[in-house]
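Chain by chain, the residues:
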Amino acid sequence: MAEENRAEEAPTLAEDLRRLEEIVRRLESNDGDLDQALALFEEGVARLRSARARLSGAEVRVRKVVADARGALRTDDLDGEQ
Amino acid sequence: MTSPLTTDTPWSVTQVARMARRYIEAGLGMIWIRGEIAEIKIYQSGHWYFTLKDAECQIRGVMWKSDAQRFGLPPAVGAQVFVFAKPTIWEERGEFRLSATEMLVTDRLGLEHLELQKIKAALEKDGLFDPARKRALPEWPSCIAVVTSLDGAALRDIITVARKRWRSLEIRVIGAKVQGAEAELEMVRALKLVNRLEGVSLCIVARGGGGKEDLAVFNSEKVCRALAQVKVPTISAVGHETDVSFTDFVADCRAPTPSAAIEMAVPDSAELIDRVNHLAVRLANAVGQGTRLAAERLERSGDRLHTAVTNLLERRQRQVDRLGAQLDALSPLKVLERGFALPRAEDGRVLRRATEFTPGLSFRLRVIDGEVPARVEEN
């Protein structure tokens, strides 16, 4: 389960950045009304926070993949790595 | 034939060449000759022209296409060979030649070269080197597989560079011997294992530098074929920059070193942080523009409720146009970041020339993080 969450983390960062670019472009082009602009701004700020958190928080994980005698896969922490 | 011992009965050039050829062919017959390939060329006709040498002498030779094609590829220059040939004279040129029908490479280097050529031809034939099958690398990998020796420098380099660049990453290492007798089997097994891993979006095959023989497994046909079967995009990073192996051609990308491979594989967080910061500035500026415009609009529409709808629309269009022009003027935000400021009149016009700053004029200075009200002092 934890592994699945992790796999989704980076695509979300990508998504944050793409959406941010879109928000900024839309705000810069001024093609909405004020309410819409403020809503976009709020979303933009949230996306900025999330992108910054993702960029500064994570740590590289190194795992060793091992197949046992019956071919089942297992991942272990690599010796000397956390 | 008459004896050519006096000027009365000289032989023609042809007679001499023909007689010499007859003597040589009859005297030597087909023989095995041992030597080193000093030079070898395949002509378009398919014939091989070569020079065989030893420490003191050299002889030129030819192997006709009909024989040469049985061997497929010629041995390399420098190879030690046994040649089965008929020493003869090429009459038209009056030159001594070997007419060879067999050529066996006898030294290890020569045999290895031949073996590599065979593997290369087989992989090429099956399209494994075809640039059209190269896949693009993922832009944001969150989990990558690395096939390499667990205690090699390659893995250490990859981890170190990953930590500097892209920490939102999981590296799954599949250990395999990268040299020695078991290397081929272990590499093939490891590459097959990559296809069973969930969530992996890229595979790096790596090893640090080594001698030519140490890199042999990366020229193995089985390893190359297993690499081609990996379902995710692959990077081959074998040895130091000058080493090239077949896996480099089979993988989707070739990296000169393991460090370069991980640089290729993951984005640089520092660059992304810059990008995020830049977006933050643009966001703040853009929303500033938007709210000012809306306020202006409200004010004006309140004053002129009687104005025809068409006029209103026209005016809004002009506002949008003007705003667009202002944004263009602002677009090099980097300039503001360097400490420059942009003076604009109350109506939004950019003030470019000293003459525009009439005494008493109120204007606004746009700086990186907002606007400052300003006024031209009386002279």
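Residues numbered from 1 in each chain as written. Chains lettered and ligands numbered in written order. Predicted model: local features only at pLDDT ≥ 70, side-chain atom pairs only at ≥ 80, totals over all residues.

## Some words on the overall build of chain A
Piece 1. The secondary structure content of chain A amounts to 2 helices and 2 strands.
Piece 2. Taking all 82 residues of chain A together, the buried fraction comes to 27%.
Piece 3. Once local pairs closer than 6 in sequence are excluded, the contacts in chain A between residues at least 24 apart make up 33%. (Helix = DSSP H or I, 4+ residues; strand = E, 2+ residues; numbered from the N terminus. Buried ≥ 20, exposed ≤ 12 C-beta atoms within 10 Å, placed from the backbone. Contact = placed C-beta atoms within 7 Å.)

## A closer look at the overall build of chain B
Piece 1. When you go through chain B residue by residue, the secondary structure sums to 11 helices and 13 strands.
Piece 2. Out of the 379 residues belonging to chain B, those deemed buried represent 28%.

## Re the nonpolar core
Piece 1. One finds Ile144(B), Val146(B), Val147(B), Ile158(B), Ala162(B), Cys203(B) and Ile204(B) to be the most contacted residues of the largest nonpolar core, which totals 56 residues.
Piece 2. Ignoring anything within four residues of it in the chain, the contact list for Cys203(B) reads Ile144(B), Ala145(B), Val147(B), Val194(B), Val230(B), Val232(B) and Thr234(B).
Piece 3. Within the second largest apolar cluster, 17 residues are counted, among which are Val24(A), Leu55(A), Leu272(B) and Ala286(B). (Core = buried A, V, L, I, M, F, W, Y, C linked by C-beta atoms within 7 Å.)

## Comments concerning the packing of helix 4 (residues 153–165) of chain B against helix 8 (residues 258–265) of chain B
Residues and elements named next belong to chain B.
Piece 1. Relative to each other, helix 4 and helix 8 sit at 35 degrees, their axes nearing to 8 Å. The handedness of the crossing between helix 4 and helix 8 is right-handed. Every residue of helix 8 that contacts helix 4 at Ala 154, Asp 157, Ile 158, Val 161, Ala 162 and Arg 165 is listed here: Pro 258, Ser 259, Ala 261, Ile 262 and Glu 263.
Piece 2. Of the residues contributing to the contact of helix 4 with helix 8, the split by class is 7 nonpolar, 1 polar and 3 charged. (Axes fitted to C-alpha atoms, helices over the stretch in contact; angles between N-to-C directions. Left-handed = near helix turned anticlockwise from the far one by under 90°. Nonpolar A, V, L, I, M, F, W, Y, C, P; charged D, E, K, R; others polar.)

## Focus: the confidence of the model for chain B
Residue and element names in this part refer to chain B.
Piece 1. Summarising the model, chain B shows a mean pLDDT of 84, and 83% of its residues fall at 70 or more.
Piece 2. The low-confidence segment residues 304–310 (pLDDT under 50) makes 1 contact with residues lying over four places distant or belonging to another chain.
Piece 3. Of the two predicted TM-score estimates for the complex, the pTM is 0.60 and the ipTM is 0.72. (pLDDT = per-residue confidence, 0-100.)

## Concerning the packing of helix 5 (residues 183–194) of chain B against helix 6 (residues 221–228) of chain B
All names here are of chain B.
Piece 1. It is at 9 Å that the axes of helix 5 and helix 6 come closest, and there the two elements cross at 5 degrees. Accordingly, the angle class assigned to the pair helix 5 and helix 6 is roughly parallel. The segment helix 5 lies against helix 6, with Glu 184, Met 187, Val 188, Leu 191 and Lys 192 engaging Lys 222, Val 223, Ala 226 and Leu 227.
Piece 2. For the contact of helix 5 with helix 6, the residue count by class is 6 nonpolar, no polar and 3 charged. (Parallel < 35°, antiparallel > 145°, perpendicular 65-115°, else oblique.)

## Topic: the sheet that holds strand 2 (residues 73–77) of chain A
Piece 1. The mixed open sheet is built from 7 strands, whose spatial order is 2(A)-1(A)-7(B)-6(B)-8(B)-9(B)-10(B). Of all the strands in the sheet, the pair left with one neighbour each is strand 2 of chain A together with strand 10 (253–255) of chain B. Direction aside, the axes of adjacent strands within the sheet are offset by 25 degrees on average.
Piece 2. With 6 bridges joining them, strand 6 (residues 143–148) of chain B and strand 7 (residues 170–175) of chain B adopt parallel strand pairing. Looking at the pairing, Thr148(B) lines up with Gly175(B) of strand 7 of chain B.
Piece 3. Across the sheet, helix 5 of chain B is in contact with strand 1 (61–67) of chain A together with strand 6, strand 7 and strand 8 (203–207) of chain B; its angle to strand 6 of chain B comes to roughly 170 degrees. (Pairing = 2+ DSSP bridges.)

## Regarding the pairing of strand 2 of chain A
Residues and elements named next belong to chain A.
Piece 1. Sparse coverage of strand 2 is indicated by the burial of 0 of its 5 residues.
Piece 2. As defined by bridge partners, strand 1 adjoins strand 2 across 5 bridges and the pair is classed as antiparallel. The residue bridging Val 65 from the neighbouring strand is Thr 75, located in strand 2.
Piece 3. Taking the residues that link successive antiparallel strands as the turn, the strand 1-strand 2 hairpin has 5 residues, and the phi of Gly 71 there is positive, at about 90 degrees.

## Observations regarding the environment of Leu104(B)
Residue and element names in this part refer to chain B.
Piece 1. The topology assignment puts Leu 104 in strand 5 (residues 95–105).
Piece 2. Assessed through the 16 C-beta atoms surrounding it within 10 Å, Leu 104 is described here as partly exposed.
Piece 3. In the structure, Leu 104 is positioned 29 residues away from Pro 75 in sequence and 8.6 Å away in space, judged by C-alpha atoms.
Piece 4. Residues in contact with Leu 104, not counting those within four places in the same chain, are Val 81 and Phe 82.

## What to know about the sheet that holds strand 11 (residues 342–345) of chain B
Residue and element names in this part refer to chain B.
Piece 1. Across the sheet, 3 strands lie side by side as 11-12-13; this open sheet has antiparallel pairing. The two strands at the open ends of the sheet, each matched to only one other strand, are strand 11 and strand 13 (370–375). Across the sheet, the mean angle from the axis of one strand to that of its neighbour is 30 degrees, orientation sign disregarded.
Piece 2. With 4 bridges joining them, strand 11 and strand 12 (residues 362–367) adopt antiparallel strand pairing. Following the sheet pairing, Ala 345 is matched in strand 12 by Phe 363.

## Some points on helix 1 (residues 13–28) of chain B
Piece 1. A rise of 1.5 Å per residue sets the reference length of helix 1 of chain B, with its 16 residues, at 22 Å; its end C-alpha atoms lie 22 Å apart and thus fit the reference within 8%.
Piece 2. Gly29(B), located one to two residues past helix 1 of chain B, shows a positive phi value of around 65 degrees. (Expected span 1.5 Å × (residues − 1).)

## A short note on helix 5 of chain B
Piece 1. Here helix 5 of chain B is 12 residues long and its end C-alpha atoms lie 17 Å apart, about the 16 Å a rise of 1.5 Å per residue gives.
Piece 2. Residues of helix 5 of chain B that are buried: Ala183(B), Met187(B), Val188(B), Ala190(B), Leu191(B), Leu193(B) and Val194(B).
Piece 3. Buried-residue contacts for helix 5 of chain B involve strand 1 of chain A together with strand 6, strand 7, strand 8 and helix 6 of chain B.

## As for the environment of Leu111(B)
Residues and elements named next belong to chain B.
Piece 1. Within the fold, Leu 111 resides in helix 3 (residues 108–125).
Piece 2. You can call Leu 111 partly exposed: it has 15 C-beta atoms within 10 Å.
Piece 3. Along the chain, Leu 111 and Ala 79 lie 32 residues apart, while their C-alpha atoms are 8.3 Å from each other.

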